[in-house]
Amino acid sequence: MAAKMKIMDIPSNTAVCICEHVFEKSAPPMLFAREQTGELIATCGCEVKKAHMVGFGHLVKFFEDIKQEEIPEEGSHFEKDRKTDIWKKGVLEA
Ligand SMILES: [Zn+2]
């Protein structure tokens, strides 16, 4: 997956690792990250205990407001501010 690709261009069948809360729809994704390995992760912000895999197409609706952004580089992420609802870029903690 090329780094300059936009989020909206991620193929809908691309596997994304999600937390159980996003999987059960009890919480929306608040963190969209790309690990050093290139793996995409979407979580509600929790420490993932039980990971699930879904196709990106199931999640794309949550990323409407950042779909024009480039896919996060390895080791970085977008995190949604709980107060402002604005996505901010950041770097994953090691
Ligand atoms: Zn969660």
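It should be noted that the structure appears before, not after, this text.
Residues numbered from 1 in each chain as written. Predicted model: local features only at pLDDT ≥ 70, side-chain atom pairs only at ≥ 80, totals over all residues.

Draft legend 1. Structural detail: the overall build of the protein. Assigned secondary structure in the protein consists of one helix and six strands. Its C-alpha radius of gyration of 12 Å places the protein within 12% of the 12 Å reference for a compact globule of 94 residues. Expressed as lengths along the three principal axes of its C-alpha atoms, the size of the protein is roughly 30 × 30 × 30 Å. Within the span of the protein, comprising 94 residues, buried residues form 20% of the whole. Sequence separation of 24 or more characterises 65% of the internal contacts of the protein that already satisfy a separation of 6 or more. (Helix = DSSP H or I, 4+ residues; strand = E, 2+ residues; numbered from the N terminus. Rg over C-alpha atoms; globule rule 2.2 N^0.38 Å. Buried ≥ 20, exposed ≤ 12 C-beta atoms within 10 Å, placed from the backbone. Contact = placed C-beta atoms within 7 Å.)

Draft legend 2. The sheet that holds strand S4 (residues 52–55), seen in detail. In space, the six strands of this open sheet follow the order S4-S1-S3-S2-S5-S6, with mixed pairing throughout. Two strands lie at the open edges of the sheet, namely S4 and strand S6 (87–91), each paired on one side alone. On average, adjacent strands in this sheet sit at an angle of 25° to one another, irrespective of strand direction. Note that strand S5 (residues 76–80) and S6 share five bridges and pair antiparallel. (Pairing = 2+ DSSP bridges. Axes fitted to C-alpha atoms, helices over the stretch in contact; angles between N-to-C directions.)

Draft legend 3. The arrangement of unusual backbone geometry in detail. Backbone geometry places Lys-25, a non-glycine residue, at a positive phi of 60°. Relative to the assigned elements, Lys-25 resides in the loop between helix H1 (20–23) and strand S2 (31–34). The class of Lys-25 is exposed, set by 7 C-beta atoms lying within 10 Å. Here the phi dihedral of Asp-85 falls at roughly 65°; this positive angle occurs in a residue that is not glycine. Counting through the fold element by element, Asp-85 comes out in the loop between S5 and S6.

Draft legend 4. The arrangement of the nonpolar core in detail. Of all hydrophobic cores here, the largest spans ten residues; its members are Val-16, Ile-18, Cys-19, Val-22, Phe-32, Ala-33, Leu-40, Ala-42, Leu-59 and Phe-78. Mapped onto this core, the elements with two or more residues apiece are strand S1 (15–18), S2 and strand S3 (40–43). Sequence-distant contacts of Leu-59, that is, excluding residues within four places in its chain, are made with Val-16, Pro-29, Ala-42 and Val-54. (Core = buried A, V, L, I, M, F, W, Y, C linked by C-beta atoms within 7 Å.)

Draft legend 5. Representation of the pairing of S2 in the model. Pairing of S2 with S3 involves four bridges; the strand directions are antiparallel. If you follow Phe-32 over to S3, its bridge partner there is Ala-42. Taking the residues between adjacent antiparallel strands as the criterion, S2 and S3 are bridged by five residues, where Gly-38 takes a positive phi near 95°. Inspection of the sheet shows S2 paired to S5 by four bridges, in the antiparallel sense. When the sheet's bridge partners are listed, Arg-34 is paired in S5 with Ser-76.

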